[in-house]
Amino acid sequence: MALINDFMSLIFPRHCEACANTLFKHEYYICNYCKVNLPHSNFHLNPDSALHRTFAGRIPIRNAGSYYIFEKSGKVQNLLHAIKYQNQKELAAHLGKLYALELTKHESFQAVDLIIPIPLHPKKLKARGFNQSEWFANGLGSGLNTLTNSQVMQRVVETSTQTRKKKYQRWENVENIFQLTNKSELENKHVLLVDDVITTGATLEAAWQALKEVDGISISIASIAFASMG
Ligand SMILES: [Zn+2]
């Protein structure tokens, strides 16, 4: 079997999705150099991080983390591009597993009861074929040994909340984009809400508008990358 794998990688060399260098056979999706040197945010260790400040006064989070800092034209953008436009959903799950190895060291993420990925609108899901946030969430879930529930929250409005708008305009936009199918299932649970890229935080804020109706719920947040607006 090992011989076949070596033979296959001679014919079809596998490449790092971040830097495009050829992978060694023990490397998967990203090379060891990128695994160590991509810009890890470590926001989950800093309660005053740019990510935490993004949600201040908007979502009462327990903790928040992004695996990477997004840099335009950088290697992290290559990863996101591969996931979104080259159907590399397994890469999203792989990144989730890697990130879980870091998060699991922090007590706030050990106390997560349930993981909910930000859902795509059914039309968009049908067009893309998969939800990248769900695959990342599944990877996190296997690493954190926590169940992912991708049914309990649904996106009922197709509006993109990513467009750049002033804060007060955005507020008008975030209501009623998401609906819960089962509130009682979430009562008194610590939910880890998972998105692919966080920029303005508007999508997660919209999800919070639905989740805050649940008694005793508390929220932490995780994403693949954080893209600063500043
Ligand atoms: Zn690499």
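Residues numbered from 1 in each chain as written. Predicted model: local features only at pLDDT ≥ 70, side-chain atom pairs only at ≥ 80, totals over all residues. Heavy atoms only, no water.

Spatially, β1-β6-β5-β2 is the arrangement adopted by the 4 strands of the open sheet, whose pairing is parallel. Each edge of the open sheet carries a strand with a single partner, namely β1 (61-69) and β2 (114-117). Averaged over all adjacent pairs, the angle separating strand axes in this sheet is 20 degrees, with direction ignored. Bridge analysis of strand β5 (residues 190-198) against strand β6 (residues 218-226) gives 8 bridges, and the strand direction is parallel. Considered in β6, the bridge of V194 is made with A222. Together, β2, β5 and β6 form the strand contacts of helix α8 (residues 132-144), whose direction differs from that of β5 by roughly 135 degrees. (Pairing = 2+ DSSP bridges. Helix = DSSP H or I, 4+ residues; strand = E, 2+ residues; numbered from the N terminus. Axes fitted to C-alpha atoms, helices over the stretch in contact; angles between N-to-C directions. Contact = heavy atoms within 4.5 Å.)

This part takes up the side chain of S66. Note that S66 resides in strand β1. Relative accessible area serves as the criterion here: at 1%, S66 is assigned to the buried category. Within the structure, S66 has its side chain in polar contact with the side chain of S223 (distance 2.6 Å). (Buried < 20%, exposed > 50% of the residue type's maximum accessible area, 1.4 Å probe, protein only. Polar contact = N/O pair within 3.5 Å; in protein donor to acceptor, adjacent residues only side chain to side chain.)

Right, let's talk about the pattern of salt bridges for a bit. Under the definition given, this model contains 3 salt bridges. The salt bridge partner of R53 is D48, with a shortest N-O separation of 3.9 Å. Here R58 makes a salt bridge to E205, at a shortest N to O gap of 2.6 Å. Of this pair, R58 sits in the loop between α3 (50-55) and β1 while E205 sits in helix α10 (residues 202-211), and the two are 147 residues apart along the sequence. Here E205 falls in the buried class, since its relative accessible area comes to 3%. (Salt bridge = Lys/Arg side-chain N within 4 Å of Asp/Glu carboxyl O.)

A separate point is the coordination of the zinc ion. The coordination sphere of the zinc ion, as far as protein atoms go, consists of C16 (SG), C19 (SG), C31 (SG) and C34 (SG), spread over 2.3 Å. In this structure, the zinc ion is coordinated by 4 donor atoms arranged in tetrahedral fashion, with angles at the metal of 104 to 116 degrees. Donor residues for the zinc ion sit on one chain with the sequence pattern C-x2-C-x11-C-x2-C. Linking C19 in the loop between α1 (2-11) and α2 (32-37) with C34 in helix α2, this pair joins segments that are 15 residues apart in sequence. (Donors = N, O, S within 2.8 Å, 3.2 Å for Na, K, Ca; no water. Tetrahedral: all angles 85-135°; square planar, octahedral: opposite > 155°, others 65-115°.)

The angle between the axes and the distance between the axes are what describe a pair of packed helices. Axis separation between helix α4 (residues 75-85) and helix α5 (residues 89-103) bottoms out at 7 Å; the angle between their running directions is 130 degrees. Our classification of the angle between α4 and α5 gives oblique. Between α4 and α5, the contacting residues are L79, A82 and I83 on the first element and L91, A92 and L95 on the second. Of the residues contributing to the contact of α4 with α5, the split by class is 6 nonpolar, no polar and no charged. (Parallel < 35°, antiparallel > 145°, perpendicular 65-115°, else oblique. Nonpolar A, V, L, I, M, F, W, Y, C, P; charged D, E, K, R; others polar.)

Here we take up the packing of α5 against α8. With their axes 7 Å apart at the nearest point, α5 and α8 run at an angle of 40 degrees to one another. Relative to α8, α5 is oriented oblique. Where α5 crosses over α8, the handedness of that crossing is right-handed. When α5 is examined against α8, the residues K89, E90, A92, A93, L95, G96, K97, Y99, A100 and L103 are found in contact with a partner set consisting of Q132, W135, F136, G139, L140, S142, G143 and L144. Grouping the amino acids of the contact of α5 with α8 by side-chain chemistry returns 10 nonpolar, 5 polar and 3 charged. (Left-handed = near helix turned anticlockwise from the far one by under 90°.)

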